[in-house]
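Chain by chain, the residues:
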Amino acid sequence: MTKFEALGLDKALLNAITDLGFDTPSEVQEKSIPLLLSDEIDLVALAQTGTGKTAAFGFPLIQKIDSASRTTQGLILSPTRELCLQITNEMQLYSKYVKGLNIVAVYGGASITDQARQIKRGAQIIVATPGRMKDMIGRGIIDISKIDYCILDEADEMLNMGFYEDIKDILSNTPESKSTWLFSATMPKEVSTIAKKFMKNPTEITVGSKNSGVDTVQHEYYTVGGRDRYPALKRLADANPGIFSVVFCRTKRDTQKVAEKLIEDGYNAGALHGDLSQNQRDLVMNAFRKKQIQMLVATDVAARGIDVDDITHVINYQLPDEIETYTHRSGRTGRAGKSGISMVIITRSESRKIGAIERKIQQKFISKKIPTGIEICEIQLYHLANKIRNTKINKEVSNYLPAINDVLEGLDRDELIQKIVSVEFTRFFNYYNRTKDLNTSEGERGSKRDNDFQTDSDSVRYFINIG
Ligand code: AMP
């Protein structure tokens, strides 16, 4: 018997699980699947994204649904269109051997007619964002009066985004008899209120420690002067050549500005915020998924539900106002068993916030220094040397070797290496040579400031290198 079989899952799901290559149930799956399969209960599960929570509710839901009936039996509410599509996609993979099961995604920003058509064909499970769901119930397109299961996924994010009224409205259209399963990364007051108000004596399970960040994430903070946030961000990127990151800003305006500045400075960056059209956001997200964008600068709201697994760094360009938000941000890295780093750029006056976050996530921050210009040059130099060493030789090059030899005639090995490396190194050296140490808040006389840019207050200041 496999470990998944031992949880009580049937053949159709077990076959799909084998196809997916899942070997061992994750903690949240181990805790919730047997509970949900064996009884009709209400459940509150505290689990972060990346812990396998979609399968934790998805497997039991698929098993309990009667796919021979066309009635809508299960509703999953999720905060964003991205997450909604991601859940639908995962659920379709899980249920590929269940005949006749229709899982339909319902979300804003897409044709309501197409979605209505899919619902009409008979959707036993609907995965929806609250706004569009409420709209479609109102128009009489969706009937959830007979559902048996209602799942609230990322409940904290849904409430953070102001969906309380919509959720209340949607739930008022569901029968008393249904079971409700609530999944949330954190348990703020608002989520407890929902649990108290709309759930019957819920069983509670916790994965990892309550309210904590995932322990695959290392938390670091860097203290700089208020005007040095942008140069500090650049240095953090330059000191991590393989970076694939989300950079969080507090406002749409800062998000746009930081992204523009990064692009101007030659980084593969992009902006993601609510002032962009859905089409623009899709383009940015696609480029990010393909890693054409290495630094995605985003607002908290726009970044909800980013479903990219291998983000190496989350950079808090500015700290969020709410501590809860920090948990969501840092949870974008260290997913699916990988490790990640969450970096926070702060000014001295913000340092007390670090303690508050530490208490909340029950993890310690490491205080780190922004690398100096010379340190970055060294990192880049070794990175380049390793890149050269690991580069697979393209056989086509041999055709040109005689000609190249002619051009490079007379250079010895050392000289050649120095020249090759200088191609890249000089760029960094020229930029960072004699720049100041950002960890000291006072500028040093005789040293120059990195090409600067400030987004902290209402004013924007540009410092341009002249020398
Ligand atoms: P989630 O927390 O649901 O967003 O899941 C995160 C990722 O882990 C998804 O890509 C899932 O396909 C994957 N996953 C879920 N359960 C398992 C498992 N038991 N073993 C390996 N991968 C899993």
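Residues numbered from 1 in each chain as written. Predicted model: local features only at pLDDT ≥ 70, side-chain atom pairs only at ≥ 80, totals over all residues. Heavy atoms only, no water.

## Remarks on the packing of aromatic side chains
Here comes step 1: Taken as a whole, this structure holds ten aromatic pairs when the rule is applied.
Here comes step 2: Here the aromatic rings of Phe4 and Phe59 are separated by 6.2 Å at their centres, their planes lie at 80°, and the arrangement is edge-to-face. Taken as a pair, Phe4 in helix α1 (residues 3-6) and Phe59 in helix α4 (residues 53-64) lie far apart in primary sequence, 55 residues in all. Across this residue pair, the class does not change: Phe4 and Phe59 are buried.
Here comes step 3: Ring geometry for Tyr221 against Phe365: centres 6.2 Å apart, planes inclined by 65°, an arrangement best described as edge-to-face. Here Tyr221 is found in strand β8 (residues 217-223), whereas its partner Phe365 is found in strand β14 (residues 365-368), with 144 residues between them in sequence.
Here comes step 4: Aromatic ring contacts, followed pair by pair, group Phe4, Phe22, Phe59 and Tyr94 into a single cluster.
Here comes step 5: The side chain of Lys291 reaches across the aromatic face of Phe244, ending 4.9 Å from its centre. (Phe/Tyr/Trp six-rings, centres within 6.5 Å; stacked < 30°, edge-to-face > 60°. Helix = DSSP H or I, 4+ residues; strand = E, 2+ residues; numbered from the N terminus. Buried < 20%, exposed > 50% of the residue type's maximum accessible area, 1.4 Å probe, protein only. Lys NZ or Arg CZ within 6 Å of the ring centre and 35° of its normal.)

## Observations concerning the environment of Gln92
Here comes step 1: Mapped onto the elements of the fold, Gln92 is located in helix α5 (residues 81-94).
Here comes step 2: Note: C-alpha distance between Gln92 and Val297 (205 residues apart in sequence) is 31 Å.

## Structural notes on the domain arrangement of the protein chain
Here comes step 1: Taken domain by domain, the protein chain holds domain 1 (5-206), domain 2 (217-372 + 438-444) and domain 3 (374-432).
Here comes step 2: Taken over C-alpha atoms, the centre of domain 1 sits 30 Å from the centre of domain 2.
Here comes step 3: Tallying the contact residues gives 14 residues for domain 1 and 13 residues for domain 2.
Here comes step 4: The junction of domain 1 with domain 2 conceals about 1,300 Å² of combined surface from both sides, 47% of it contributed by carbon and sulfur atoms.
Here comes step 5: At the junction of domain 1 and domain 2, the tally comes to two salt bridges. (Domains from an automatic or database assignment. Contact = heavy atoms within 4.5 Å. Buried area = accessible area lost by both parts, 1.4 Å probe. Salt bridge = Lys/Arg side-chain N within 4 Å of Asp/Glu carboxyl O.)

## Some remarks on the side chain of Glu154
Here comes step 1: When you line up the elements, Glu154 lands in the loop between β5 (149-152) and α8 (155-160).
Here comes step 2: Those residues in contact with Glu154 that sit more than four places away from it in its chain are Thr49, Lys53, Pro79, Leu83 and Phe183.

## Details of the site of the ligand
Here comes step 1: Around the ligand sit 15 residues in total, of which Thr24, Gln29, Gly50, Gly52 and Thr54 are the nearest.
Here comes step 2: The contact in question runs from an oxygen atom of the ligand to an N or O atom on the backbone of Gly52, over 2.7 Å.
Here comes step 3: Contact distances for the ligand include 2.6 Å between an oxygen atom and a side-chain N or O atom of Thr54.
Here comes step 4: For the ligand, the protein covers 80% of the area, taking 500 Å² as the surface of the free molecule.
Here comes step 5: Secondary structure elements with two or more residues in the shell around the ligand: α4 and α5.
Here comes step 6: Split into classes, the residues belonging to the shell around the ligand amount to three nonpolar, nine polar and three charged. (Near = heavy atom within 4 Å. Polar contact = N/O pair within 3.5 Å; in protein donor to acceptor, adjacent residues only side chain to side chain. Areas by Shrake-Rupley, 256 points an atom, 1.4 Å probe, with all protein chains shown as cover. Nonpolar A, V, L, I, M, F, W, Y, C, P; charged D, E, K, R; others polar.)

## Some thoughts on the packing of helix α3 (residues 27-38) against α4
Here comes step 1: Where α3 meets α4, the axes come as close as 8 Å, and the angle between the chain directions of the two elements is 20°. In terms of orientation, α3 lies roughly parallel with respect to α4. When the axes of α3 and α4 are compared, the crossing they make is right-handed. Residues Val28, Gln29, Ser32, Ile33, Leu36 and Leu37 of α3 pack against Lys53, Ala55, Ala56, Phe59, Pro60, Gln63 and Lys64 of α4.
Here comes step 2: Across the contact of α3 with α4, the residue classes break down as eight nonpolar, three polar and two charged. (Axes fitted to C-alpha atoms, helices over the stretch in contact; angles between N-to-C directions. Parallel < 35°, antiparallel > 145°, perpendicular 65-115°, else oblique. Left-handed = near helix turned anticlockwise from the far one by under 90°.)

## Observations regarding the sheet that holds strand β9 (residues 245-248)
Here comes step 1: Here seven strands make up an open sheet; going across it, the order is β10-β11-β9-β12-β13-β8-β14 and the pairing parallel. Single-partner strands in this sheet number two, and they are β10 (269-272) and β14. Averaged over all adjacent pairs, the angle separating strand axes in this sheet is 25°, with direction ignored.
Here comes step 2: Across the sheet, helix α12 (residues 252-264) is in contact with β10 and β11 (295-298); its angle to β10 comes to roughly 165°.
Here comes step 3: Contacts from helix α16 (residues 351-361) reach β8, β13 (340-346) and β14 within the one sheet, and its direction differs from that of β14 by about 150°. (Pairing = 2+ DSSP bridges.)

## A word on the pattern of salt bridges
Here comes step 1: Taken as a whole, this structure holds 22 salt bridges when the rule is applied.
Here comes step 2: The salt bridge involving Lys96 is made with Asp19; its shortest N-O contact spans 2.7 Å. Remark: Asp19 occurs in helix α2 (residues 11-20) and Lys96 occurs in the loop between α5 and β3 (103-106); sequence separation between them is 77 residues.
Here comes step 3: Using a relative accessible area of 45% as the deciding quantity, one classes Lys96 as partly exposed.

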